[in-house]
Amino acid sequence: MVKGMESVDLIVHSAKQMVTVAGKGPRVGAEMATLGIVVDGALAISGERIVGVGSSSEILRRYRADEYISAAGRVVTPGFVDAHTHLVFAGDRANEFEMRVGGATYLDIMRAGGGIMSTVRATREASLETLVEQSLERLDRMILHGTTTAEVKTGYGLTTEDEIRILAAISVLDAAHAIDLVPTFLGAHAVPEEYADRADAYVDLVVNEMLPQVLAIAGEEADPDVEIRRPVFCDVFCDEGAFDLTQTRRILEAAKAAGLGLKVHADEFANLGAASLAAELGATSADHLVHTSAQDMAAMARAGVIGVLLPGTSFGLGHHDFAAARALIAAGVPISLGTDLNPGTCWCESMPFMMALACRYIGMTPAEALVASTINAACAVGLGDTVGSLEPGKLADVVIHEIPDYRYLAYRFGTNPVCAVIKRGELVVSAR
Ligand code: NIG
Ligand code: FE
């Protein structure tokens, strides 16, 4: 060993473009396009963490490693962060997809007792083991597409017991799978059929029973080796056919008082004022934002609320309304992307496909879409200091893509660009 060289576990070198996305997040305005690309880049990894980033010659001079991976001719990025998923559910809604293709709308199907409620029925019948088994397959597809961290919502249980079972499933999945999960309590995803016409009584249940019990059970055993995790965030679906602004405020205020971070499904189908409420309450993010006004955008920008845009949902529904990313970015709102992975509106595990949609339908550039899938998404799930960029001290969550230029991430679609994934310093998806 050459004198003065530091020993590390792994070096990834010779990347045609090492896209570090280095620098603080969340990025706003023109900074949303700053990628920090190192040409012929390399990084040194020790244990779970990145210790050095630079040109290949620099890194290979400073460090010697037990293992070397050449990314010659390829693009290296941080692992993607999927900032909005409904990963844990049972069954499918292929029948509803066919009905929508035939002309029925999402809201028609929901009012007829389908939609979220049909997945709630299937999820209530499923055991913890079934939920874990079905969700693991989706996590496998996510990591194959480069996702290394994901937010996961409850919300297909809608009784205290069933919401807790989903939280237990999230905890077991987090322990069992390489992808790190950030749990969100979404007890207010829909008014369940047993509370039809009694939405306020259901909100009482969420505030007075579900939320306290979900928090009280944290730390207890989900299965013999796994503790039930405390949710990091609380979310509410504020929209026509779901919860109104007053109900949303009640739930989010209770969650805030309990110390949870806040998220809200805002303006997906109609603008009820949820994005401005998110700003008022200091929410971490407001998600969807398809019908958000200029005033809402200004309020979000002032409060630093991240806009989590979900172009897969508009696409999945066959809608032609998409979030206005250009106006949001011009207003100074930091933008993140997510899949919204769920069986009703967007069953898609791929962040690169979200980037492809974001560039075509919501006006983002390939660079902005990549920032929105890495550092800004990390901030949207509360992990901006740990993941989302390739910098010394951050977790070694790294993706090697079989492409010569980062713009290909959004330029090509329908095929998977990922050829290797390193999660917390371990090679978990290996080069094809
Ligand atoms: O984000 N809007 C609410 N939740 C999901 C849809 C869930 C479902 O249809 O099952 C969404 O689009
Ligand atoms: Fe959603």
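Everything that follows concerns the structure shown earlier in this document.
Here's a quick rundown of the structure. Chains are numbered independently. Their residues run from 1 in the order of the written sequence. All chains are assigned letters beginning with A, and all ligands numbers beginning with 1, in the order in which they are written. In view of the model being predicted, local features appear only for residues whose pLDDT reaches at least 70, and side-chain atom pairs are presented and counted only at 80 or more, with totals across whole chains, interfaces and linings using the full set of residues. The basis for every side-chain value is the complete set of heavy atoms in the structure, and neither hydrogens nor water enter the calculation.

### As for the site of ligand 1
Here comes step 1: Put simply, a residue is near a molecule or strand once any heavy atom of it comes within 4 Å of that molecule or strand. Ligand 1 sits among 16 residues. The nearest are Arg-93, Tyr-106, Tyr-156, Glu-268 and Asp-340.
Here comes step 2: The contact in question runs from an oxygen atom of ligand 1 to an N or O atom on the side chain of Arg-93, over 2.7 Å.
Here comes step 3: The definition of a polar contact used here is a pair of N or O atoms within 3.5 Å, where within protein one atom must be able to donate a hydrogen and the other to accept one, and adjacent residues in sequence count solely through side-chain atom pairs. At a separation of 2.6 Å, an oxygen atom of ligand 1 approaches a polar side-chain atom of Tyr-156.
Here comes step 4: Three classes are used: nonpolar for Ala, Val, Leu, Ile, Met, Phe, Trp, Tyr, Cys and Pro, charged for Asp, Glu, Lys and Arg, and polar for all others, with Gly counted as polar. Counted by class, the shell around ligand 1 contains four nonpolar, nine polar and three charged residues.

### Description of the coordination of the iron ion (ligand 2)
Here comes step 1: Only nitrogen, oxygen and sulfur atoms qualify as donors, and only when within 2.8 Å of the metal (3.2 Å in the case of Na, K and Ca); with water excluded, sites may look incomplete. For the iron ion (ligand 2), the full set of protein donor atoms is His-84 (NE2), His-86 (NE2), His-265 (NE2) and Asp-340 (OD), and the range of their distances to it is 2.1 to 2.3 Å.
Here comes step 2: All donors of the iron ion (ligand 2) come from a single chain, and their spacing in sequence reads H-x1-H-x178-H-x74-D. Taken as a pair, His-86 in the loop between strand S6 (80–82) and helix H2 (94–101) and His-265 in strand S12 (residues 261–266) lie far apart in primary sequence, 179 residues in all.
Here comes step 3: Burial classes follow relative accessibility: with a 1.4 Å probe on protein chains only, a residue under 20% of its type's maximum area counts as buried, one over 50% as exposed, and anything between as partly exposed. In this structure His-265 comes out as buried when scored by relative accessible area, which is 2%. In DSSP terms, a helix is any run of H or I states spanning at least four residues, a strand is any run of E spanning at least two, and both are numbered starting from the N terminus.

### Quick look at the sheet that holds strand S14 (residues 306–309)
Here comes step 1: The strand order across the open sheet formed by eight strands is S6-S7-S8-S11-S12-S13-S14-S15, and the pairing between neighbours is parallel. Looking at the sheet topology across the chains shown, the edges are occupied by S6 and strand S15 (335–337). Averaged over all neighbouring strand pairs, the angle between strand axes comes to 25°, with direction disregarded.
Here comes step 2: Every residue pair with non-hydrogen atoms within 4.5 Å of one another is taken to be in contact. Think of each axis as a best-fit line through the C-alpha atoms, taken over the contacting stretch in the case of a helix, with angles from 0 to 180 degrees between the N-to-C directions. Relative to the sheet, helix H13 (residues 351–361) contacts S6, strand S7 (147–153) and S15, its axis offset from that of S6 by approximately 80°. Note on pairing: two strands pair once DSSP finds at least 2 bridges between them.

### A word on helix H8 (residues 245–257)
Here comes step 1: Expected span of a helix: the number of residues minus one, times 1.5 Å. In this model, H8 (13 residues) spans 18 Å end to end at C-alpha, consistent with the 18 Å of a helix rising 1.5 Å per residue.
Here comes step 2: Among all positions in H8, only Gln-247, Thr-248, Ile-251, Leu-252 and Ala-255 are buried. All buried residues of H8 project into a common sector of 120° when viewed along the axis, lining one side. Opposite the buried face of H8, by more than 90 degrees, sit the exposed residues Thr-246 and Ala-257.
Here comes step 3: Close packing links the buried residues of H8 with strand S8 (180–188), helix H7 (199–217), strand S11 (233–238), S12 and helix H9 (274–281).
Here comes step 4: The N-cap of H8, judged by a side-chain oxygen 3.1 Å from the amide nitrogen of Thr-246 a few residues on, is Asp-244. The arc under discussion is defined with respect to the helix axis, by the directions toward the C-beta atoms.

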